[in-house]
Structures are given as C-alpha cells and as structure tokens.
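Breakdown of the fold
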Amino acid sequence: MTPASHASQAAPAAPPPRPIVQVERIGKVYPGGVEALSDLSLDFPEGQLTTLLGPSGCGKTTLLKIIAGLIEPTRGQVLVDGQPVSGPGPERAFVFQDFALLPWASVLRNVAFGLELRGLAKGEREAIAEQQIQEVGLKGFEQHFPHQLSGGMRQRVGLARALAVDAKVLLMDEPFSAVDEQTRRKFQEDLLALVAHQKKTFLFVTHSIEEAVYVSDRIVLLSRRPSQVTRIIEPAVPRGGDPDAIRRHASYLDTVETIWRGLKHYVD
Amino acid sequence: MSTLITEQPIAVAPRPWTDHALLHPWLLRGLSLALVLAAWEYAGRVPISPAFPTFADTAAAWLAMLQDGSLLRALWITLQPLAIGLLISGLLGVAIGVAMGLNRLTEWFGAPIFIVLQSAPLAALIPLLTFAYGIGLTSKVLTVCIMAMPVIVLNAFNAVRHTPGSLLEMGKSFLGSKRQLILAIVLPAASPVIFAGLRLGAAAGFIGAILAELLITPTGIGDIITYSQSIADYPAMYAAIATVILFSVLFIELLEWLEIRLFRPDQRVPR
Amino acid sequence: MQIGRFRVPMMASLLIWALLWEIVGRLGLTILLPPLSAIAGRMAEIVPTPTFLAAAWITLQAFLAGNLIAIALGVPLGVLMGRSVIADRMLLPWVNLFLSAPLTALVPVIMILFGYGQTTIILTVVMFALWIIVLDARAGVRNIAPSLIEMARVYGATPLQAFLKIHLLAALPEILAGIRLGAIRAVKGVIIGQLLVSIVGFGRLFELYSSNFLMEHFWALILVLFAVAFALAEGLGYLERRVEYYAAARH
Ligand SMILES: Nc1ncnc2c1ncn2[C@@H]1O[C@H](COP(=O)(O)OP(=O)(O)OP(=O)(O)O)[C@@H](O)[C@H]1O
Ligand SMILES: [Mg+2]
C-alpha cells in the first residue's frame, strides 16, 4: 500500500482547506555561508496539523523561525493569510526548542509573559495563565521558578505560554522532546483534541516518526541541508478511538514503515 | 577583544565532598581564624618587629577607640567620599554601560576608552586631581569615581551585550516593543553581571577612598593610620586598618544580600 | 561600528577622542589639559632621559619580581585548595577577604615593617596580584574531570608527578586567566606602591612633575603608563586565547 493510496483514502469529497501559511521559494544562507534552506516551497492548510520531519540540522528550526518572522529569509517570501510576513505577528505563536523561559520569573509570570507584552492587565492575564497552567498539568507550580522544574515541565511552561496568547497558527519546535513517555502520550491526545476542537493551525517539528504519524494530518519529509521537500505524506490513521488500538492499526504501522524506509539512508 | 571579558569569577563545578564531622565548614573556618590570630599573637610577642603589635594589644586599642567614639567618627568621615563616589559611579556607570550595550554608536565611542582605563593604573591621576580640585572632598570623591567607574561600565556593557539571544527572540515573537524588551528581558537578564560589576566597583572604590586619605589629606581612617603611625602607636594603627578592611568586606556582602533580596527572587529559593 | 558596508575598527574612536583633546588643549580652557601634540612632543623628550629609564627599570623590576612571587605562591596554593577540602575550607575565607579588601590600607603596614623602598613596592605588587591567581588556579583544578585524576592514580603517579603533569596542565587555561588578571592588578599595585612610598621610580617623577606644575610632563608619563598597561593586558589576553584554543580539546 503506497502513501499515495493513503492520501486518496483520506481525502474526502469536501474541497481542500485553504492554505493559511504559504512558503514561497524560501532560501536561507546564514552569515558564514551555511546554506540551511534552498528554494523551498510549501503550503500549510488551515486547521490542520502539519509535521516537519527531517534529519538533525536540516533547517527545520530555521524554517519555523522564518515563518514566525524572527529570521529574514535570504530569498523568497512567506505569506500568512495571504499577507507577506515582515516580522512576528499576533496570529502566530512560537514554542521554542530551548524553552526560552525567563529564569528570574515564576511559572505564572512566564506563562503570562506573552499577554504581559500585549499590555493585558495583571489580573486578566494571570487568570488566563492559570487556566493554561492547569491545562498542561502544572497546577500547584505557579510560584516555582524554571530552575526548580524538570526539563519536561519547563517545556510545558513554554507550551502554556504559546497557548495563552490564543494565536491562530502555532509554531511548535519539538515541543515534547524533553517530556517523559506518559506525558508525551497525554500531550499527543491533548494536541489532537486541540486540532479537532479549535480552528487552529499547527506547524509541528518532531524527530519521532511514530509521533508524527500519530498526530499529523500531513507529514512533510525534508532532505539534508540545504533542505528540500522530498515527500508529503497524509497518514490515513483513524481518529477518535482507543489510542492503543490506533497504534496497532495497519495503516498506522504501514505509514511509519514507509517513512522509516524513506529516512533510513540519512542514518549512515 | 580579551579585555572585554571583565573580571568575572570563573564558575566552579560543585563537587560532592564527602562530609565528615571534623570537616564541617564552620569548624574549619573557626580553626583557621584561631590559628591566624594565634600566629599574630605569637609574632607580636617575639616580636618579629618593633612595629608589629600583638593581637591582644591591637584588640585592646580597637576597643578603646570604639569606646571613645573616635573609630566610628573616622569611619563616618571615610564613608562620605566613598558613598558619594560610589553612588555617582554606580548610577552613571550603569547608565553609560547599558547605553553602550544597546547602541552601537555609543559602544564605538565609549568602549575603547573604558577598556583602556580598566587596565590602566588610574591611581596615577590622583596628584592631578589634587592639583585641580584641592585637598577637599571633591578630590576624594573623584578618586573613588575614577577607580570604581571602569569596571562598573564594562560589566554593565557586557551584560547587556550578551543578553541570551533566545530570550530576545521569544520576546520579539510575542510582539514586545523595543522598550518592553529592554525593561522585561535585557535589564533583568543583565542584572547579575551588573551587580557583580557594582561589587567590584565598590571594592575598587574602597581602595581609592583609602588611597585618597593617605595621599591627599589624612582624614577619617586614613588619619588614624597616619597619626598613630607617626606617634608609633602601632596597635591603634593596626586596629584602624583591620576595621576598614572588615568594613569593606561587610559592605560588599551587604550589596550582594540586597541584590538577591530585591532583584533576584529566583535566587532566594534553594537550587 | 558599520558605515554602509565598511566596518570601522572599534579602537578608531580613540582617534576622535585624541582630536577632541587636542582641540580642548589648544583652546587653553584649563592648564590641566595641555594639547595632546605638546604632550606627545614631551613624551619623545623625556622617555630617552636617564631619569625616566631608571624609573622604568626599577618599576619593571618590582613588577616582575612581585608577579613571579605571586605566581610561585599562588598557583601551588590554589592547586592545594582545589584538591584538599581541609585546606580549601581553611584558606578560602582569607583569600576572598583579601581579594576584595582595600589593600591600600595595608601598604602603610608593609612600609613600617619593610622600610620605604623597593621591598615594600614588591610586596605591594604581591598583595595585589596574589589572590586572584589563587582563586583561578583553585577553580581550574576543581574543574578538572575526576576521571583524569583517577587515571593518574591508576597508573601510579606520585603526588609531584600528579601536580606537574595533571593538575598544572589540565588547569592551565584558568591558571593563565588568573595570571593575566593578577598582572593587571599588579600594574595598579606597583603604581600605588610607588605613589605611597613616593621616593622610588615613577612615584618620585609624579611628585616632581605635579609639585612643579609640569602638566605636559605629567601627562606624558601617564599616557606612557596607560599605553604599556593596555599593551600588557592585550598581549596576555592574546596568549590566553591561544591556550584556550588548545584547551577547547579538553571537553
Ligand atoms: N545562527 C546561525 N548561524 C549560522 N548557522 C546556523 C545558525 N542557526 C542554524 N545554523 C545552521 O543551519 C542549519 C540548520 O539549523 P536548524 O537549527 O534549522 O536545524 P534543525 O533542523 O532545527 O536541527 P535539529 O533537528 O537538530 O533541531 C544547521 O546546519 C546549523 O548549523
Ligand atoms: Mg531545531
């Protein structure tokens, strides 16, 4: 069974969702001459979760930061909602690979920080932050400081901070990389629920093929630096059932296998 | 540029010492203090030099000066140029350093000057200050300022310049304005190194204050030192020196305590 | 700084300051600040004189002797503190005390004990340089990977061998950092010592020039001293970076 047939299975008769983020012929050369991306074009459909999967150092973070408006591309442009990106905007929120928490601020203030910068009153932003802290399972840690948390807990603070600003597009750079397996699975369920219930678009980076297949509507496979799209896969994994059953489902296992075969040659 | 690296203590990896009751920190510190004082007493009894009083005599002189109030009066006088000088160099120095860290043009103009001054023996300027401003308070304040300023400026500059890039990026991604980024990210991130600079500046300022009192006109503690030396009252001289050294160390500890209490809530909880 | 595509070297701004100095000096606003050109002329005039050379020589001697003593005492002491808990706990409070103490207050004591001469100045230099050397050597030793020390034990190194071949070399980057910072402090120490003793070396020249209002002479001397101190700090920093390059392989 080829991925293409998965895709045709998955595609219903409904018109395809419109692309909310459009990456047009992006190239990025870092000062010093490292060419991270070259002539990369990619659309991200609204309301879906698209995963970027590729070898370490291939430019996933770079691409995400260009979309976020944090890095200027050397060539090409990014459109969000049809508008060219010239910097960060309120419709996009970023979950950082290295968490980027303020070491001198409590969990509460860290989570509320995006809202603080938007000028929300203290009471208002802390109410929202408390809500999100509860969502990511950190209730009771509001007054702790980052250095008192484990890596996974810090990551969840970063996640809560991005969720708190209620952006349409969430750019998540390996958001579950440091959490334990149980929490990771819980987060994957939460993420699926978020995608299902909210009209948010997710751009997700992960190194785990299983995770990508489990949570994604689309998986973009990237080649080594300078990055190119080698393939786009739309896993036809049944949703909304028993998670363990899904993980044993034939199409889930097949897709994992296909991707693994596609990426295997990067290992050597 | 090497001199941009200002004088920072090198981080030491904590090592799990195997703790034995006999190795208890306070026991060893007490023992060490006792040993040094005993050696002082012994050297004074020998005596290794007619100008070397015993510890007991020094302590007695210290108590006497404490009782008649002369020691505290002298400290108070020494403290005046010191406090004024440190206040000026602290405010001005941090402002200049932060401005240099935020603005390339200011950096280009200012940094070389302070880099040169940091390695320079600025004490050589004291005769000039005396010549220009006489032997009064102004000269002493300025002495404290020139000694304390370079390290304060350069630490503030380096701290601001080396704000973690990922925090700045985070602030930008959440649409922080330049002003917000400076107030909510740059300055708090820089504050530990800025405070380290203030402590180093305070230590340098003390050196300057005492030097001014010894070189320009004997006042305060400098007066006790010079006067008791001239009448060969060595116990009083040693007591005054020990007092000012202890005082400066306590003062710098107090700065650190204040910093942690006021500015670093995260440092108050145990790591 | 950047002007268009052209990078203006940072130290170039010193030229602008020099120009400002010249202008202020020419305007004759204050006799404290003679024009820089006049100072430069005076510099060329006094540097070759025997008085200046003698002062420079005696200052250099004090500086070198003080530094050597401080290194010879400080490095072994720091290594000892890095290795032994007992030594560390007993000595560290004193090292920290003297590191931030106003050492100028101790110079009068050195003066009455050792006289108004070169010995006092050398000891002042030692006092200024020693403590940072101790502290950095200690930090260097404590940052050595424990496996390296266990390796030496396994291969039966004697304590002397371990000191020379493991501790000294593995902690070299930190030790050199300490020596550089010590040398910068020593420059300040030697001038402070000479100012207080005031009959030796540059101390005597400062006294002579300032009491006779010879501002050009005075500034010439200051600028020479500052330039030498800066060159020394930069030179040591350069050496240290070369060693750090080798040290990067440690990790
Ligand atoms: N600021 C920078 N300056 C120069 N080169 C950089 C910079 N940031 C990244 N690079 C280079 O660009 C390439 C892509 O980096 P990027 O961080 O985007 O990779 P990544 O796919 O996110 O990797 P990982 O999966 O390990 O997080 C890498 O080879 C890296 O060395
Ligand atoms: Mg990455």
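Definitions and cut-offs
Residues numbered from 1 in each chain as written. Chains lettered and ligands numbered in written order. Predicted model: local features only at pLDDT ≥ 70, side-chain atom pairs only at ≥ 80, totals over all residues. Heavy atoms only, no water. Donors = N, O, S within 2.8 Å, 3.2 Å for Na, K, Ca; no water. Helix = DSSP H or I, 4+ residues; strand = E, 2+ residues; numbered from the N terminus. Buried < 20%, exposed > 50% of the residue type's maximum accessible area, 1.4 Å probe, protein only. Contact = heavy atoms within 4.5 Å. Salt bridge = Lys/Arg side-chain N within 4 Å of Asp/Glu carboxyl O. Buried area = accessible area lost by both parts, 1.4 Å probe. Polar contact = N/O pair within 3.5 Å; in protein donor to acceptor, adjacent residues only side chain to side chain. Nonpolar A, V, L, I, M, F, W, Y, C, P; charged D, E, K, R; others polar. Axes fitted to C-alpha atoms, helices over the stretch in contact; angles between N-to-C directions. Parallel < 35°, antiparallel > 145°, perpendicular 65-115°, else oblique. Left-handed = near helix turned anticlockwise from the far one by under 90°. Pairing = 2+ DSSP bridges. Phe/Tyr/Trp six-rings, centres within 6.5 Å; stacked < 30°, edge-to-face > 60°. Lys NZ or Arg CZ within 6 Å of the ring centre and 35° of its normal. Domains from an automatic or database assignment. Near = heavy atom within 4 Å. Areas by Shrake-Rupley, 256 points an atom, 1.4 Å probe, with all protein chains shown as cover. Patch = residues over 30% accessible without salt bridge, like charges linked within 9 Å, V, L, I, M, F, W, Y side chains within 5 Å. Expected span 1.5 Å × (residues − 1).

**Considering the coordination of the magnesium ion (ligand 2)**
Residue and element names in this part refer to chain A. Every protein donor of the magnesium ion (ligand 2) is listed here as Thr61 (OG1) and Gln97 (OE1), and their distances to the metal cover 1.9 to 2.3 Å. Of this pair, threonine 61 sits in helix α2 (residues 60-68) while glutamine 97 sits in the loop between β6 (92-95) and α3 (107-111), and the two are 36 residues apart along the sequence. Since its relative accessible area comes to 23%, threonine 61 is described here as partly exposed.

**Let's talk about the interface of chain A and chain B**
Counting residues at the interface gives 27 residues for chain A, matched by 21 residues for chain B. On inspection of chain A and its partner chain B, the count reaches one salt bridge. A salt bridge links Lys65(A) to Glu169(B), with the nearest nitrogen and oxygen atoms 2.7 Å apart. Of the residues forming the side of chain A that touches chain B, the biggest block, four residues, is contributed by helix α4 (residues 113-117) of chain A.

**Quick look at the interface of chain C and chain B**
Contact with chain C, which involves 69 residues of that partner, is made by 66 residues of chain B. Approximately 6200 Å² of surface area, both sides summed, lies buried where chain C meets chain B, with 76% of it carried by carbon and sulfur atoms. Of all residues in chain C, Met10(C), Arg89(C) and Phe226(C) give up the largest surface area on contact with chain B, accounting jointly for 12% of the area buried on that side. Where chain C touches chain B, the interface holds zero salt bridges. Counting every contact that joins chain C to chain B gives seven residue pairs in polar contact (both at pLDDT 80 or more). Looking at the side of chain C that touches chain B, the elements that each hand over two or more residues are α1 (13-27), α3 (50-83), α4 (85-100), α5 (107-114), α6 (118-142), α9 (172-197), α10 (201-211) and α11 (215-247) of chain C. Within the side of chain C that touches chain B, the residues separate by chemical class into 51 nonpolar, seven polar and 11 charged.

**Considering the packing of α3(C) against α4(C)**
All names here are of chain C. α4 packs onto α3 with a crossing angle of 125 degrees between their chain directions and a minimal axis gap of 6 Å. In terms of axis orientation, α3 runs oblique to α4. Along this stretch, α3 crosses α4, giving a crossing that reads as left-handed. Here Leu77, Leu80, Met81 and Arg83 of α3 come into contact with α4, specifically with Val85, Ala87, Asp88, Leu91, Leu92 and Val95.

**Let's talk about the environment of Val126(C)**
Residues and elements named next belong to chain C. For valine 126, the position within the fold is in helix α6. On the basis of relative accessibility, which here comes to 8%, the residue valine 126 falls in the buried class. With sequence-adjacent residues up to four places away left out, valine 126 is seen in contact with Gly66, Ile69 and Ala70.

**Looking at the sheet that holds strand β4 (residues 75-80) of chain A**
Within a sheet, neighbouring strands are paired by backbone hydrogen bonds and run either parallel or antiparallel to one another. Residue and element names in this part refer to chain A. In space, the four strands of this open sheet follow the order β2-β1-β4-β5, with antiparallel pairing throughout. With one partner strand each, in any of the chains shown, β2 (35-45) and β5 (83-84) form the two edges of the open sheet. Direction of pairing for β4 relative to β5: antiparallel, over a ladder of two bridges. By the bridge assignment for β5, valine 80 is matched with glutamine 83. Relative to the sheet, α2 contacts β1 (19-29), β2 and β4, its axis offset from that of β2 by approximately 60 degrees.

**Quick notes on the packing of aromatic side chains**
As enumerated under the stated definition, the model contains 14 aromatic pairs over all chains in all. Judged by centre distance (5.3 Å) and plane angle (55 degrees), the rings of Phe176(A) and Phe187(A) are tilted. Here Phe176(A), found in the loop between β7 (169-173) and α7 (181-197), pairs with Phe187(A), found in helix α7; they are 11 residues apart in sequence, far enough to count as distant. Comparing Phe176(A) with Phe187(A), the two get one shared label, buried. Here the aromatic rings of Phe131(B) and Phe213(C) are separated by 4.7 Å at their centres, their planes lie at 45 degrees, and the arrangement is tilted. Remark: Phe213(C) occurs in the loop between α10 and α11 and Phe131(B) occurs in helix α5 (residues 126-133); the pair is interchain, linking two chains. By relative accessible area, Phe131(B) is classed as partly exposed at 26%. Aromatic rings pair up to connect Phe176(A), Phe187(A) and Phe204(A) into one cluster. Over the ring of Tyr30(A) we find Lys28(A); its NZ or CZ atom is 5.3 Å from the centre of that ring.

**Section: the domain arrangement of chain A**
All names here are of chain A. On domain assignment, one finds that chain A holds domain 1 (18-91 + 169-263) and domain 2 (101-166). With centres defined by C-alpha atoms, the gap from domain 1 to domain 2 works out at 24 Å. Summed over the shared surface of domain 1 and domain 2, the number is one salt bridge. Across the contact surface, domain 1 and domain 2 share four residue pairs in polar contact (both at pLDDT 80 or more). Where the side of domain 1 that touches domain 2 is concerned, the elements lending two or more residues are β7 and α7. Among the elements that line the side of domain 1 that touches domain 2, the one with the most residues is α7, at five residues. For the side of domain 1 that touches domain 2, the per-class residue count stands at nine nonpolar, two polar and four charged.

**Description of the pattern of salt bridges**
Within the structure shown, the criterion is met by 23 salt bridges over all chains. Arg109(A) serves as the salt-bridge partner of Glu116(A), at 3.1 Å between the closest nitrogen and oxygen. A salt bridge links Glu240(C) to Arg180(C); the nearest nitrogen and oxygen atoms lie 2.5 Å apart. Of this pair, Glu240(C) sits in helix α11 while Arg180(C) is found in helix α9, placing the two residues 60 residues apart along the sequence. Connected through shared salt-bridge partners, Arg18(A), Glu46(A), Asp81(A) and Lys168(A) make up one network.

**A word on the site of ligand 1**
Residue and element names in this part refer to chain A. Around ligand 1, the structure places 14 residues, and the nearest of them are Ser56, Gly57, Lys60, Thr61 and Thr62. At 2.5 Å from an oxygen atom of ligand 1 is found a side-chain nitrogen or oxygen belonging to serine 56. At 3.2 Å, a backbone N or O of cysteine 58 approaches an oxygen atom of ligand 1. Here ligand 1, which alone exposes 640 Å², has 65% of that area covered by the protein. Here the residues of the shell around ligand 1 sort into four nonpolar, seven polar and three charged.

**A word on a nonpolar patch on the surface**
All names here are of chain B. A surface patch of nonpolar side chains, amounting to about 530 Å² of accessible area, comprises Leu254, Trp257, Leu258, Leu262 and Phe263. Locating leucine 258 in the fold gives a position in helix α10 (residues 234-263). By relative accessible area, which is 34% here, leucine 258 ends up partly exposed.

**Quick word on helix α1 (residues 25-45) of chain B**
Over its 21 residues, α1(B) runs 30 Å from end to end, which matches the ideal 30 Å to within 8%, given 1.5 Å per residue. Burial in α1(B) covers these residues: Leu28(B), Ser32(B), Trp40(B), Glu41(B), Ala43(B) and Gly44(B). Tucked inside the fold, the buried residues of α1(B) contact α2 (55-67) and α10 of chain B together with α4 of chain C.

**Re the sheet that holds strand β10 (residues 229-233) of chain A**
Residue and element names in this part refer to chain A. Reading across from one edge, β6-β7-β8-β3-β9-β10 is the order of the six strands in this open sheet, with mixed pairing throughout. At either end of the open sheet lies a strand with only one pairing partner, and these are β6 and β10. Each strand of the sheet is rotated relative to its neighbour by a mean of 15 degrees, with strand direction disregarded. Pairing geometry for strand β3 (residues 49-53) and strand β9 (residues 218-222), over four bridges, is parallel.

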